[in-house]
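Here's the letter readout for the chains.
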Amino acid sequence: VDRLLSLVYGKIRGEGKAMLAVSTIPNAIKYIEIIRELYREKCKQKQYKKYSDAPIYIVYSDSQSYQNCASLNGGKSEVAVIQDFKHSKNGLIIVVDKLQTGFDEPRLHTMFILKKLNSVKAVQTLSRVNRTCPGKVDTFILDFVNTAEEIQASFQPYYEDTILSSEINVNFVYDNANKVKTFCLFNDEDVEKFVKIYTKKGEQTATDLGKITGLFRPVCERF
């Protein structure tokens, strides 16, 4: 809840959303009850009141063993829940198996994982956050269950190169920068022109993007 309000909802120009994937329906029900309670309390604080209407939904396949999913979403059907989540500015959706695959919401920024994932299921689940949209410059996954090695092994069959972030070796960065420079594809002046446009204050315009394209074109030709 703290991360939702203080970080996630401020992403993607203030329209960031999140998904929580859990292992069982009973766990999902417990989480939505606790999260909603904590969320209501947190939104009493002045800086978070603007998020008080952001929905917190739950989606799972109905079973006679558990209460109807719609009853936890104010009577809304699954279709209505998905549409409302898509149209809302912010929000959290809790899932068990449904929506882990095929759910396309570009403003989904963060995913919390509380279940084991492997093979293609891991790739499909984590890929929910990779849809692009204006203002989306990064994504975030907080995994409480799977190790980095397990996730890397799941992705490896589908990608030529799978790299997970670890401690940065500064020498490695400089060595590679120097190696790239030996190909003489660009010079320091090209870099300075790019940085000046890329780091300008305010949003980049179509003209700015055109200038950046113009800078890259001769580099690509040399390559």
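For the structure itself, consult the block above.
The structure contained in this document is the topic of the report that follows. All residue numbers refer to position in the chain's written sequence, counted from 1. This being a predicted model, a pLDDT of at least 70 is required before a residue's local features are given, and a value of 80 or more before pairs of side-chain atoms are given or counted; all residues contribute to the totals for chains, interfaces and linings. Side-chain descriptors were evaluated using all non-hydrogen atoms of the structure, hydrogens and water having been removed beforehand.

### Describing the nonpolar core
Part 1 of the argument: If you look at the biggest cluster of nonpolar residues, it comprises 26 residues, and the most contacted ones within it are Tyr9, Tyr39, Ile58, Tyr60, Leu92 and Ile94.
Part 2 of the argument: Strands here are runs of E lasting at least two residues and helices are runs of H or I lasting at least four, both read from the DSSP assignment and numbered beginning at the N terminus. Counting residues per element, the ones that place at least two in this core are α1 (2–6), β1 (17–22), α3 (25–42), β2 (56–59) and β3 (91–95).
Part 3 of the argument: Note on contacts: a residue pair qualifies if any of its non-hydrogen atoms lie within 4.5 Å across the two residues. Leave out the neighbours within four places in its chain, and Tyr60 touches Ile25, Ile29, Gln67, Asn68, Cys69, Leu72, Val96 and Lys98. The criterion is simple. A nonpolar core is a set of buried Ala, Val, Leu, Ile, Met, Phe, Trp, Tyr and Cys residues joined through side-chain atoms within 4.5 Å. Partly exposed residues are those whose accessible area sits between 20% and 50% of the maximum for their type, while under 20% is buried and over 50% is exposed, using a 1.4 Å probe and protein chains only.

### As for the pattern of salt bridges
Part 1 of the argument: Between Lys or Arg on one side and Asp or Glu on the other, a salt bridge is scored when a side-chain nitrogen of the former is within 4 Å of a carboxyl oxygen of the latter. All chains considered together, the criterion is met by 13 salt bridges.
Part 2 of the argument: A salt bridge links Asp97 to Lys115, with the nearest nitrogen and oxygen atoms 3.1 Å apart. Here Asp97, found in the loop between β3 and β4 (108–114), pairs with Lys115, found in the loop between β4 and α5 (119–126); they are 18 residues apart in sequence, far enough to count as distant.
Part 3 of the argument: A salt bridge links Lys116 to Glu150, with the shortest nitrogen-to-oxygen separation between them at 2.9 Å. With Lys116 in the loop between β4 and α5 and Glu150 in helix α6 (residues 148–155), this residue pair connects regions lying 34 residues apart in the sequence.
Part 4 of the argument: On the basis of relative accessibility, which here comes to 31%, the residue Glu150 falls in the partly exposed class.
Part 5 of the argument: The network of salt bridges with shared partners includes Glu15, Lys17, Glu105 and Arg107.

### Quick notes on unusual backbone geometry
Part 1 of the argument: A positive phi angle, near 55 degrees, is found at Ser119, a position not held by glycine.
Part 2 of the argument: Ser119 gets classed as partly exposed once you look at its relative accessible area, which sits at 37%.
Part 3 of the argument: The phi dihedral of Cys184 falls on the positive side, at around 55 degrees, and the residue is not glycine.
Part 4 of the argument: Relative to the elements of secondary structure, Cys184 occurs in the loop between α7 (170–181) and α8 (188–198).
Part 5 of the argument: Exposure remark for Cys184: the relative accessible area of 58% places this residue in the exposed category.

### Quick notes on helix α4 (residues 78–87)
Part 1 of the argument: When we look at burial in α4, the residues that qualify are Val81, Ile82 and Phe85. Relative to the axis of α4, the buried residues are bounded by an arc of 95 degrees and lie together on one face. For α4, the exposed residues set more than 90 degrees away from the buried face come down to Val79 and His87.
Part 2 of the argument: As for α4, its buried residues are in contact with β1, β2, β3 and β4. Read the arc as the range of directions from the helix axis to the C-beta atoms.

### A look at the packing of α8 against helix α9 (residues 206–222)
Part 1 of the argument: Viewed as axis vectors pointing N to C, α8 and α9 meet at an angle of 155 degrees, and their least axial separation amounts to 10 Å. The orientation of α8 with respect to α9, classified from their angle, is roughly antiparallel. The two elements α8 and α9 cross, and the hand of that crossing is left-handed. On α9, the residues touching Asp190, Lys193, Phe194 and Ile197 of α8 are Asp208, Lys211, Ile212, Leu215, Phe216 and Arg222.
Part 2 of the argument: Note on residue categories: nonpolar means Ala, Val, Leu, Ile, Met, Phe, Trp, Tyr, Cys or Pro, charged means Asp, Glu, Lys or Arg, and polar means any other residue, Gly included. Looking at the contact of α8 with α9, its residues break down into five nonpolar, no polar and five charged. Comment: axis = line fitted to C-alpha atoms, over the contacting stretch for helices; angle = value between 0 and 180 degrees taken between N-to-C directions. Each angle is binned into one of four classes, with values under 35 degrees roughly parallel, values over 145 roughly antiparallel, values of 65 to 115 roughly perpendicular, and all other values oblique. Less than a right angle of anticlockwise turn of the near helix away from the far helix marks a crossing as left-handed, whereas a clockwise turn marks it as right-handed.

### A short note on the packing of aromatic side chains
Part 1 of the argument: Here is the rule: rings of Phe, Tyr and Trp (six-membered ring for Trp) pair when centre to centre is within 6.5 Å. Planes less than 30 degrees apart are stacked, more than 60 are edge-to-face, and the remainder are tilted. For the structure on display, the rule yields four aromatic pairs.
Part 2 of the argument: Ring centres of Phe85 and Phe103 lie 6.2 Å apart, and the angle between their planes is 40 degrees; on these two criteria the pair is classed as tilted. On the criterion of sequence distance, the pair formed by Phe85 in helix α4 and Phe103 in the loop between β3 and β4 is long-range, its members being 18 residues apart.
Part 3 of the argument: Classification of Phe103 by relative accessible area gives buried; the value is 4%.
Part 4 of the argument: A network of ring pairs unites the aromatic residues Phe194, Tyr198 and Phe216 as a single cluster.
Part 5 of the argument: In our convention, an over-ring charge means Lys NZ or Arg CZ found within 6 Å of a ring centre and within 35 degrees of that ring's normal. If you follow Lys17 out to its NZ or CZ, it ends over the ring of Phe85, 5.1 Å from the centre.

### What about α5?
Every α-helical turn comprises 3.6 residues, leaving residues that sit three or four positions apart pointing alike.
Part 1 of the argument: What α5 keeps buried is the set Ala122, Val123, Thr125 and Leu126.
Part 2 of the argument: Looking at the buried residues of α5, the elements they touch are β4, β5 (140–143) and α6.

### Focus: the layout of surface pockets
Part 1 of the argument: Space inside the second largest pocket adds up to approximately 230 Å³.
Part 2 of the argument: Site definitions follow a grid-based scheme: protein atoms alone, a 1 Å grid, a 1.4 Å probe that fits but cannot get out for cavities, and for pockets an open set with protein on both sides within 12 Å along at least five of seven lines, plus lining residues having an atom within 4 Å of a point. As for the second largest pocket, its lining consists of 13 residues, of which Val1, Leu20, Tyr31, Ile35 and Phe112 are closest to the centre.
Part 3 of the argument: Secondary structure elements with two or more residues in the lining of the second largest pocket: α1, α3 and β4.
Part 4 of the argument: Broken down by element, the residue count for the lining of the second largest pocket peaks at four residues, all from α3.
Part 5 of the argument: Broken down by class, the residue content of the lining of the second largest pocket amounts to 12 nonpolar, no polar and one charged. Grid points are joined across faces, edges and corners, and a volume is the space filled by probe spheres set on the points.

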